[in-house]
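Each chain, letter by letter, is given below.
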Amino acid sequence: MSAVEWISPDQVAVWDAFVARHPLGRVYHLSAWREVLETSFAHIRGGFLVLKDDGGQIQAGLPVYQVKSWLLKNRTVSVPFATVMDPLISTQEEFGQLWESIANAARRDKSKRIEIRTYRANPEWVQGQMWAGAIYKHHYLSLDRSTDELFRSFHESCVRRRVKSAIRAGVVVEERADIDSLRVFHAMLAATRRRFALPPMPLAFFEAMHRRLIPDHAALYLAIYEGEPVGGALILKFEDQWVVEYCGHFDNAPGGTDQLVWWRTIECAKNSGAEFFSLGRTSLSNQGLLDYKRRWGTIEEDLTD
């Protein structure tokens, strides 16, 4: 008879092995991502809920996080700061067996709502008592073409011409793994968010990703101009997919720097054997960013929460 339980600390390696085997597994499911979140945000705590078969093997599961906030109210989430992810399930029945424990955890923590993100899993599997809405779009590239074909699929004036302009200006893109480069990248990301009147994300979050994810599940790329970093991107990676999760630039970056960084990371993803390159999720209200990502010749799809 199958049983639902929470993974104990000594079983975390078993959970990570299950994530690696599951076709819907992503970096956001891993115990390393939980460590990143919990060491960066005091108001976020998570666990792994699983369904085990008669032999004690994990057959389904999902991370469940409690996010405490006096402003937005407490909520139960799977998973905070995740771009594209799913419950690791294969049928509606599996989610149904997990649901009672999810709801009990939400009641215990006095959550005002439960949020489950889906990507490849059938949204109908997780609806039940929940309301489903598609308020985000996801854009990605299939890397099953040559680099020349990929480059030709990009918009001429908005992408290709700007990549070439940055190259002519002397911008080069380098992969970095040292903590000083990570801190420089955080500074340029904070500067970029200020330009859009957005609050900066904490440095501790990026330092935790540096400790727990680089090099196996994350990579940092910096654009260098006249010997100084002017732009960059932080990539998350797992199995066959890379995700450009965070990017930014300083005010003195030459035109086309952002496009060149993205293009170089796409090339690196393809050369590594990845099959997909994700440009992340975008709110339906952000028309400018939606248009920008479409100019990369991307496949566009709904993300259902």
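Residues numbered from 1 in each chain as written. Predicted model: local features only at pLDDT ≥ 70, side-chain atom pairs only at ≥ 80, totals over all residues. Heavy atoms only, no water.

Caption draft 1: Quick peek at the overall build of the protein. Check the secondary structure of the protein and you find 10 helices and 12 strands. Principal-axis analysis of the C-alpha atoms places the extent of the protein at approximately 65 × 40 × 35 Å. Across the 305 residues that make up the protein, the buried fraction comes to 50%. Sequence separation of at least 24 residues holds for 70% of the intrachain contacts in the protein that already meet a minimum separation of 6. For the protein, the exposed surface amounts to about 14,100 Å²; the carbon and sulfur share of it is 50%. Mean positive and mean negative side-chain charge positions of the protein (37 and 38 charges, respectively) differ by 6 Å. (Helix = DSSP H or I, 4+ residues; strand = E, 2+ residues; numbered from the N terminus. Buried < 20%, exposed > 50% of the residue type's maximum accessible area, 1.4 Å probe, protein only. Contact = heavy atoms within 4.5 Å. Areas by Shrake-Rupley, 256 points an atom, 1.4 Å probe, with all protein chains shown as cover. Lys, Arg positive; Asp, Glu negative; His and termini not counted. Charge placed at Lys NZ, Arg CZ, Asp CG, Glu CD.)

Caption draft 2: Representation of unusual backbone geometry within the structure. Ser78 connects to Val79 through a cis peptide bond whose omega is 10°. The peptide bond linking Ile214 to Pro215 adopts the cis configuration, its omega dihedral lying at 10°. Among the secondary structure elements, Pro215 is positioned in the loop between helix H8 (203-212) and strand E8 (218-225). For Lys110, which is not glycine, the phi dihedral falls at a positive 55°.

Caption draft 3: View of the nonpolar core. Counting 45 residues, the largest nonpolar core has Trp33, Phe205, Phe206 and Met209 as the members making the most contacts within it. Ignoring anything within four residues of it in the chain, the contact list for Trp33 reads Val27, Tyr28, Tyr65, Val79, Pro80, Phe81, Phe205, Met209, Leu213 and Leu236. Membership of the second largest hydrophobic core comes to 29 residues, among which are Phe151, Ala219, Tyr221 and Phe277. (Core = buried A, V, L, I, M, F, W, Y, C linked by side-chain atoms within 4.5 Å.)

Everything listed is a geometric property; what it means functionally is a separate question.
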